[in-house]
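Structural description and commentary
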Amino acid sequence: METGFTVEQLRTAATDAVRAPSLHNSQPWRFRLRDGGIEVLLDRERRLPATDPSGWGARIACGAALFNLRLALAVAGTPATVRLRPYPTEPDVLARLVPDVPRRPTPTEQMLYGVIPHRFSNRAPFWPDPVPADVRWRLGEAARAEQGWLEMVIGVSAVNAFAEVARSANRVLERDPAYRAELAEWVRSAPASDGVPAAAGGPLGEPQDLLPSRGFGGRSRAPGRDFEPEPLVAVLGTAGNTTTDQVVAGQALQRVLLTATDAGLGVSMMSQPIEVPGAREALRLSLGRFGTPQMVMRIGYGQPGSPTPRRSVDEVLDVPVGQA
Ligand SMILES: Cc1cc2nc3c(=O)[nH]c(=O)nc-3n(C[C@H](O)[C@H](O)[C@H](O)COP(=O)(O)O)c2cc1C
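The shown structure was predicted, so the numbers you read here are calculated from the model rather than taken from an experiment.

1. Description of the overall build of the protein
Along its length, the protein carries nine helices and 11 strands. Relative to a compact globule of 324 residues, whose C-alpha radius of gyration would be 20 Å, the protein shows 19 Å and is just as compact. Principal-axis analysis of the C-alpha atoms gives the protein an extent of 65 × 40 × 35 Å. The proportion of buried residues among the 324 residues of the protein is 53%. Put simply, 76% of the contacts in the protein that link residues at least 6 apart link residues at least 24 apart. As displayed, the protein has an accessible area near 14400 Å², and 56% of this comes from carbon and sulfur atoms. Between the mean site of the 36 positive side-chain charges and the mean site of the 35 negative ones, the protein shows a separation of 1 Å.

This is the structure:
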């Protein structure tokens, strides 16, 4: 009797997993089949030492990839039971998935899976149309379904206070030559299978902008094409901040992003205030709630974003000899 996942199932699901977002599109993940289980590993070779010294961002990205993997398996009728950080002595194995009882996918799983190829970061200005309350509620539910929380920053003064924290975090990062050099290394002007192509990097930041942007080397904006004056800013967090919590946060992030995509929303991520410890603490205190902020998002309606490339699945699979 077949008791484990097959290489073919791994390969198919990994094709969806790699569509997950990652810091500078660094794609810090590997997938392998071991004893019939699919495992998600953090790839230390692809960590960003200056931007992400603790590995928080790599674990968020792997958590997001894990969420896509779970969806792909469920939609194929072979859902998985997941154990996070299954081996205490192998901290880079972030998750192990073993087959659960086969069943039909739920409508929510089908919906979330269906929008995986249509989710891109959208760093352009959004239209002024507000995001309705029921859609905001859906986004919060998406985070809660994955053991995360989502707080909207509501009101002009709260948004301005957040923006001040975010801009000052960005200034702290930009003063660091190693951070600037690392960012420049991941901006792509020629076709590549990783990094951020200029076309997807969003417009160049300008002095009047409320929120900071990562300098991915985009184009200047046409006059008057400014960012929305009162953006919808949402903070995603988890109860704690262990390495396991960060993998949980990645899954919750991906569920929020896919739910937003299904609702026709664009999202850009903004992690400067998470990367600078003082800013992260200021953000946590300003929200007045327990737990740890793990990601900030700007959400709104706008022109669709453009896709970024991914490495081929063969580059991220570790398959037992003789099964490739
Ligand atoms: C942990 C993490 C942090 C990120 N931080 C930022 C950020 O500060 N600014 C930004 O524009 N994009 C940020 N992103 C988005 C990535 O740049 C983006 O996911 C990657 O380039 C792939 O593009 P895609 O999201 O369109 O697939 C972040 C993504 C992750 C997972």
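2. Here's the deal with the UniProt feature "domain: Nitroreductase" (unreviewed entry) in the protein
The feature "domain: Nitroreductase" (unreviewed entry), as given by UniProt, occupies residues 119-301 in the numbering adopted here. Structurally, residues 119-301 comprises 42% helix and 16% strand, and the distance from its first C-alpha atom to its last is 13 Å.

3. Topic: the side chain of D194
Relative to the helices and strands, D194 resides in the loop between β6 (187-188) and β7 (196-197). A polar side-chain atom of D194 sits 2.6 Å from a polar atom in the side chain of R46. Reaching out from D194, the side chain makes a polar contact with the side chain of R188 at a distance of 2.9 Å. When near neighbours in sequence (up to four residues on either side) are disregarded, D194 contacts N25, Q27, R46, W186, R188 and P309.

4. Details of unusual backbone geometry
Unlike most non-glycine residues, H24 shows phi in positive territory, near 55°. Mapped onto the secondary structure, H24 falls in the loop between α1 (7-17) and β1 (29-34). Phi is positive for D35, which is not a glycine, with a value near 50°. Structurally, D35 can be placed in the loop between β1 and β2 (37-42).

5. Examining the sheet that holds strand β5 (residues 149-153)
Strand order in the open sheet formed by four strands is β5-β8-β10-β9, and the pairing between neighbours is antiparallel. Looking at the sheet topology across the chains shown, the edges are occupied by β5 and β9 (266-269). Each neighbouring strand pair of the sheet contributes to a mean axis angle of 30°, computed without reference to strand direction. Inspection of the sheet shows β5 paired to strand β8 (residues 232-238) by five bridges, in the antiparallel sense. Paired with V153 across the strands is V233, a residue of β8. Relative to the sheet, helix α7 (residues 243-262) contacts β5, β8, β9 and β10 (292-300), its axis offset from that of β8 by approximately 145°.

What counts, and at which threshold
Along each chain, residues carry numbers from 1 onward, in the same order as the chain's sequence is written. Only residues with pLDDT of at least 70 are given local features in this predicted model, and only at 80 or more are side-chain atom pairs given and counted; all residues enter the totals for whole chains, interfaces and linings. The side-chain figures draw on all heavy atoms in the structure; neither hydrogens nor water molecules are used. Every helix listed is a DSSP run of H or I at least four residues long, and every strand listed is a run of E at least two residues long, numbered separately from the N terminus. Restricting the calculation to C-alpha atoms gives the radius of gyration, and the globule rule supplies 2.2 Å times the number of residues raised to the power 0.38. Only protein chains enter the accessibility calculation, which uses a 1.4 Å probe. A residue is then buried if its area is under 20% of the maximum for its type, exposed if over 50%, and partly exposed in between. Any pair of residues with heavy atoms lying within 4.5 Å of one another is described as a contacting pair. Per-residue accessibility takes into account occlusion by the displayed protein chains alone, with areas from the Shrake-Rupley method and a 1.4 Å probe. His residues and chain termini do not enter the charge count, which takes Lys and Arg as positive and Asp and Glu as negative. Working definition for charges: the position is that of NZ of Lys, CZ of Arg, CG of Asp or CD of Glu. UniProt positions are given in the numbering used here, feature names are shortened, and annotations may be inferred rather than shown by experiment. Here a polar contact is recorded for every N or O atom pair within 3.5 Å, except that within protein the pair must consist of a potential hydrogen donor and a potential acceptor, and residues adjacent in sequence are included only if both atoms are side-chain atoms. A strand pair is defined by DSSP finding two or more bridges across the two strands. To obtain an axis, a line is fitted to C-alpha atoms, over the contacting stretch when the element is a helix, and the angle between two such axes runs from 0 to 180 degrees between their N-to-C directions.

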